[in-house]
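# Notes for the structure review
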Amino acid sequence: MDVVDPNFGIKANLTGLGVSTTVQSGTDEIENYKRYEQFIMFQFIMIGILGYTVMTIGVIGNCLSFSVLSRGWKDSSIYVYLSGIAVADLLTLVTMAFMKADTLSPDMMKMIQIRTQFSNYLIPYFHPLSLGFQLVSIYMTVALTVDRFIYICLPFKASFMCRPSRAWKVVVGLYVACMLYQIPRWFEFETKVSFDKEYNNTVALLAPTELARHYLYRHINFIWLYIPVALALPILALCILNGLLIHAVIKSNKDGKVIGATTENQDKSTTIMLISVVIFFLLCQMPALFQNFIYAEFVDFNVPPNFPYLYFNVVSTFLILLNSSANIFIYCYFGPRFRNELAKQFKECCGRCSHRSAENSYKAATPCCPMYTRRVSGMSATSETELTDVNWIR
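Predicted, not measured: the structure shown is a model, and the values here were computed from it.

### Quick notes on the packing of helix α3 (residues 108-153) against helix α5 (residues 164-181)
Close contact between α3 and α5 brings their axes to 9 Å; oriented N to C, the two are set at 140°. Of the two elements, α3 crosses α5, and the hand of that crossing is right-handed. In contact with Leu-129, Gly-132, Phe-133, Leu-135, Val-136, Tyr-139, Met-140 and Ala-143 of α3, α5 contributes Val-170, Val-171, Leu-174, Tyr-175, Cys-178, Met-179 and Tyr-181. Classifying every residue of the contact of α3 with α5 by side-chain character gives 14 nonpolar, one polar and no charged.

### Focus: the confidence of the model for the protein chain
Do not read the predicted coordinates in detail wherever pLDDT is low. With 76% of its residues at a pLDDT of 70 or more, the protein chain shows a mean pLDDT of 78. Per-element averaging of pLDDT across the protein chain places helix α13 (residues 381-393) at the bottom with 36 and α5 at the top with 94. Note on residues 1-25: pLDDT is under 50 here. Beyond four places in sequence and across chains, it has 92 contacts. Predicted confidence for residues 258-264 stays below pLDDT 50, and this span has 16 contacts to residues more than four positions away or in other chains.

### Here we look at the environment of Ile-85
For Ile-85, the position within the fold is in helix α2 (residues 77-99). Residue Ile-85 is classed as buried on the basis of its relative accessible area of 2%. Through-space distance from the C-alpha of Ile-85 to that of Phe-133 is 9.2 Å; in sequence the pair is 48 residues apart. Those residues within four positions of Ile-85 in sequence are excluded, and the remaining contacts are Ser-137, Met-140, Thr-141, Leu-144 and Asn-327.

### A look at α2
Given a rise of 1.5 Å per residue, 23 residues ought to cover 33 Å, and the 33 Å separating the end C-alpha atoms of α2 matches this to within 8%. Among the 23 residues in α2, 17 count as buried, and that is most of the element. The N-capping residue of α2, defined by a side-chain oxygen 3.2 Å from the backbone nitrogen of Ile-78, is Ser-76.

### Considerations on the side chain of Thr-145
Residue position: Thr-145 is located in helix α3. Looking at Thr-145, the relative accessible area reads 3%, which means it is buried. In contact with Thr-145, not counting residues within four places along its chain, are Leu-238, Leu-241, Asn-242, Leu-245 and Val-278.

### Points about the nonpolar core
Membership of the largest hydrophobic core comes to 68 residues, with the highest contact counts inside it found for Tyr-81, Leu-82, Met-140, Leu-144, Tyr-331 and Phe-338. Counting residues per element, this core draws most heavily on α3, which supplies 13 residues. Once you skip the residues sitting within four places of it in the chain, Met-140 turns out to touch Tyr-81, Gly-84, Ile-85, Val-171, Leu-174 and Tyr-175. Counting 11 residues, the second-largest nonpolar core is a separate cluster that includes Phe-149, Tyr-151, Val-249 and Ile-275.

### Examining the packing of aromatic side chains
Scanning all chains against the criterion turns up eight aromatic pairs. With a centroid separation of 4.9 Å and an interplanar angle of 85°, the aromatic rings of Trp-73 and Trp-168 are classed as edge-to-face. Of the two residues, Trp-73 sits in the loop between α1 (26-69) and α2 while Trp-168 sits in helix α5, which places them 95 residues apart along the sequence. Given a relative accessible area of 34%, Trp-168 falls into the partly exposed group. The structure contains a cluster of three or more aromatic residues connected by ring pairs, namely Phe-39, Phe-42 and Tyr-311.

### Describing the pattern of salt bridges
Scanning the model with the defined rule gives five salt bridges in all. Measuring nitrogen to oxygen at the nearest pair gives 3.6 Å for the salt bridge that ties Arg-71 to Glu-341. Taken as a pair, Arg-71 in the loop between α1 and α2 and Glu-341 in helix α11 (residues 336-365) lie far apart in primary sequence, 270 residues in all. Since its relative accessible area comes to 22%, Glu-341 is described here as partly exposed. A salt bridge links Asp-102 to Arg-115; the nearest nitrogen and oxygen atoms lie 2.4 Å apart. Of the two residues, Asp-102 is situated in the loop between α2 and α3 and Arg-115 in helix α3; the sequence distance between them amounts to 13 residues. Asp-102 sits in the buried class, given a relative accessible area of 0%. Residues joined in a network through salt bridges with shared partners are Arg-71, Glu-341 and Glu-348.

### Some details on the packing of α2 against α3
Orientation of α2 relative to α3, taken along the N-to-C sense of each, is 160°, at an axis distance of 8 Å. With respect to α3, the element α2 is oriented roughly antiparallel. Along this stretch, α2 crosses α3, giving a crossing that reads as left-handed. For the contact of α2 with α3, a count of residues per class yields 19 nonpolar, 10 polar and three charged.

### Notes on helix α9 (residues 307-325)
Taking 1.5 Å as the rise per residue, α9 with 19 residues should run 27 Å; its terminal C-alpha atoms sit 27 Å apart, in good agreement. The element α9 is extensively covered by neighbouring structure, given that 14 of its 19 residues are classed as buried.

### Re the environment of Val-80
Mapped onto the elements of the fold, Val-80 is located in helix α2. Look at Val-80 and you get buried, because its relative accessible area is 1%. Spatially, the C-alpha atom of Val-80 lies 10.0 Å from that of Met-140, the residues being 60 residues apart in sequence. With sequence-adjacent residues up to four places away left out, Val-80 is seen in contact with Trp-73, Pro-164, Ala-167, Trp-168 and Val-171.

About the thresholds
Residues numbered from 1 in each chain as written. Predicted model: local features only at pLDDT ≥ 70, side-chain atom pairs only at ≥ 80, totals over all residues. Heavy atoms only, no water. Axes fitted to C-alpha atoms, helices over the stretch in contact; angles between N-to-C directions. Helix = DSSP H or I, 4+ residues; strand = E, 2+ residues; numbered from the N terminus. Left-handed = near helix turned anticlockwise from the far one by under 90°. Contact = heavy atoms within 4.5 Å. Nonpolar A, V, L, I, M, F, W, Y, C, P; charged D, E, K, R; others polar. pLDDT = per-residue confidence, 0-100. Buried < 20%, exposed > 50% of the residue type's maximum accessible area, 1.4 Å probe, protein only. Expected span 1.5 Å × (residues − 1). Polar contact = N/O pair within 3.5 Å; in protein donor to acceptor, adjacent residues only side chain to side chain. Core = buried A, V, L, I, M, F, W, Y, C linked by side-chain atoms within 4.5 Å. Phe/Tyr/Trp six-rings, centres within 6.5 Å; stacked < 30°, edge-to-face > 60°. Salt bridge = Lys/Arg side-chain N within 4 Å of Asp/Glu carboxyl O. Parallel < 35°, antiparallel > 145°, perpendicular 65-115°, else oblique.

Right under this line is the structure:
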């Protein structure tokens with residue numbers, strides 16, 4: 001999030017949040033410049049290199065996950081929720097990739113150029129979208145856990161509560177509700193275009209609106225709305241439900257019984273897979289809870305940013321990217337059915353490619369003489385096939 005504050009004098013979008021700072025004089029100027037260079041290099045490594053590598057893998061992984069999971073929509077509500085999570089994670093990664101483009105360069109001036117010429121135009125629109133998709137992923141994980149809790153701990157209600165048709169309604173409802181919840185975010189930042197006489201070009205500076213600067217808005221929006229609704233309550237619900245699911249699995253292992261409404265071992269592996277997804281989700285999202293609390297209570301737009309907070313913000317962002325990218329590996333490790341379906345799709349894809357390659361080779365080997373074409377066109381289908389086969393053998 002970028003801030004342009006006239007109290008700081010020189011405008012320099014140097015931080016991970018884009019908070020403008022002043023370049024002071026003398027020793028303080030040199031020290032401040034060195035600290036920014038170190039921070040930008042750290043940001044480049046964590047987001048520009050590792051983050052974009054994770055995002056690339058995540059985009060491919062989420063596309064593959066959706067392709068596999070969509071085949072099970074009619075069989076189980078679990079696949080509907082997992083597909084919804086895959087789409088939300090995919091869109092989160094895409095929006096973050098555009099917003100974090102300035103981290104692709106370790107050079108301070110190049111980073112400022114990317115930000116003022118590209119990123120700052122997109123952040124006012126992509127920022128609320130990204131937060132909305134993250135919120136969808138969070139509540140989709142909660143809905144998935146509730147669905148599995150009912151299936152495992154309340155099996156007699158599973159046939160009614162865990163139907164795919166009901167899951168679709170929940171998924172659509174969550175997408176709509178989460179996007180409506182982010183409406184105030186669309187009014188938090190604005191892009192101010194100005195002409196830089198020193199470099200003789202037009203630059204876009206991102207500034208918070210008066211609404212975003214107001215302490216009461218930040219306090220209500222983050223402390224009383226965003227942190228409880230988007231982080232604290234979902235994380236608390238996931239911890240409780242996940243604990244109950246783990247207890248059910250442990251009890252099942254001790255009793256030597258198969259849990260769930262069916263007698264297939266697949267139910268247990270699916271439950272363990274979902275528990276792993278939730279645990280990994282909690283580990284990646286917990287830092288974001290503290291980061292948002294610090295932002296709401298302690299970040300002041302009118303003073304230079306605190307470097308430990310900026311480093312923590314970069315780490316928190318990387319963990320969110322990791323969480324949005326890694327689910328396919330959990331599915332493959334704990335889900336035998338997912339592995340089998342994924343392998344089946346690869347075989348089908350390879351089979352289609354081999355078939356097309358054989359067809360192209362066959363066409364290339366078939367004679368293209370006009371006399372041959374006229375002679376063959378008068379034959380029956382059987383004769384054509386026989387003649388083609390003979391020529392292919394020869």
